[in-house]
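Single-letter residue listing:
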Amino acid sequence: MNNIELKKIKEKALEEHIPIIMDETLEVIEKYLSKNKPNSILEIGTAVGYSAICFTEFLAENGVIDTIEREADRVKEAKINIKLAEVEDKINIYEGDAVEILPTLNNKYDVVFIDAAKGKYPFFLKEALRMINKDGIIFADNILYKGYVMSDYNKHKQRTAVRNLREYIKEVSENPNLETEILEVGDGLAVSRRTNRKALKFILILSFLFSFP
Ligand code: SAH
Ligand code: MG
């Protein structure tokens, strides 16, 4: 991919105050992607396609990214950017509200990247869990939301977002099939790996039973 194009896309997005992924957050995700070479990524929140375009570099051969964006202007710009970056064959954009689109999807994904309406994170998690592959990973950006999530700051405008981000953290932490870390990079990144505790338990029980003579 052409790095000059990518830089231009990033600079234009920043100028237009489009909330694209922060460099240090991108670095953490890319490190994971380069190690695991996913076949499929689901992104919730395309904006102008910047993060999706960055991720294409780390896909397995013939890997794809499905990404969802509800603002028509952004979808339009994302399509232009994706063409500029020559990755049209790797990114599918779904235009519309992820709350409506997600329940219609039935694919399996190695990676899910949640980066859209903070008030909907618990719903996005439920849908991500339905579609994530075993050993897959779910990233959620902006999970600490400028520090509001970990403080007692509770101003009206952000109250719903903060409540739902806290709910997300609680759910990923308590889910026995997930191993979660909350990283303080950028605006906060939740990293949840889907393990398979149930299968593991089953194997442990079996090996215990068969260990008797
Ligand atoms: N991932 C992008 C940035 C996404 S910004 C990048 O790093 O380059 C968040 C985007 O999510 C915004 O463009 C916003 O319009 C979109 N969004 C927010 N809520 C959404 C929803 N419910 N469905 C679809 N898109 C949504
Ligand atoms: Mg973000």
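All of the points below concern the structure found in this document. (Residues numbered from 1 in each chain as written. Chains lettered and ligands numbered in written order. Predicted model: local features only at pLDDT ≥ 70, side-chain atom pairs only at ≥ 80, totals over all residues. Heavy atoms only, no water.)

With respect to the environment of lysine 37
- Along the polypeptide, lysine 37 turns up in the loop between α2 (23-36) and β1 (40-44).
- A sequence separation of 82 residues divides lysine 37 from glycine 119, and the C-alpha atoms of the two residues are 30 Å apart.
- Contacts of lysine 37, omitting those with residues within four sequence positions, involve Glu57, Phe58, Leu59 and Ala60. (Helix = DSSP H or I, 4+ residues; strand = E, 2+ residues; numbered from the N terminus. Contact = heavy atoms within 4.5 Å.)

Brief notes about the site of ligand 1
- Among the 20 residues in the neighbourhood of ligand 1, the closest are listed as Ile21, Gly45, Glu69, Arg74 and Ala98.
- Within the side chain of aspartate 97, one N or O atom sits 2.9 Å away from a nitrogen atom of ligand 1.
- With respect to ligand 1, the side chain of aspartate 115 contributes an N or O atom lying 2.9 Å from a nitrogen atom.
- Mapping ligand 1 onto the cavity grids shows that it belongs to the largest pocket. (Near = heavy atom within 4 Å. Polar contact = N/O pair within 3.5 Å; in protein donor to acceptor, adjacent residues only side chain to side chain. 1 Å grid on protein atoms, 1.4 Å probe; cavity = no way out; pocket = protein on both sides within 12 Å on 5 of 7 lines; lining within 4 Å. Sits in = over half its atoms within 2 Å of the grid points.)

Focus: the side chain of serine 40
- The topology assignment puts serine 40 in strand β1.
- Of the polar contacts made by the side chain of serine 40, one reaches the backbone oxygen of lysine 108; its length is 3.1 Å.

Section: the sheet that holds strand β2 (residues 64-69)
- Taken in spatial order, the seven strands make up an open sheet running β3-β2-β1-β4-β5-β7-β6, and their pairing is mixed. On the outer flanks of this sheet lie β3 (91-95) and β6 (178-183), each paired with one strand and no other. The sheet shows a mean angle of 15 degrees between the axes of neighbouring strands, taken without regard to direction.
- Where strand β4 (residues 109-114) meets strand β5 (residues 132-141), five bridges bridge the pair, whose relative direction is parallel. Across the sheet, the residue bridging to isoleucine 114 is alanine 140, located in β5.
- Those strands touched by α2 are β1, β4, β5, β6 and β7 (189-194), and its axis lies near 170 degrees from that of β5.
- In this fold helix α7 (residues 159-174) packs onto β4, β5, β6 and β7, with an angle of close to 140 degrees to the strand it touches most, β6. (Pairing = 2+ DSSP bridges. Axes fitted to C-alpha atoms, helices over the stretch in contact; angles between N-to-C directions.)

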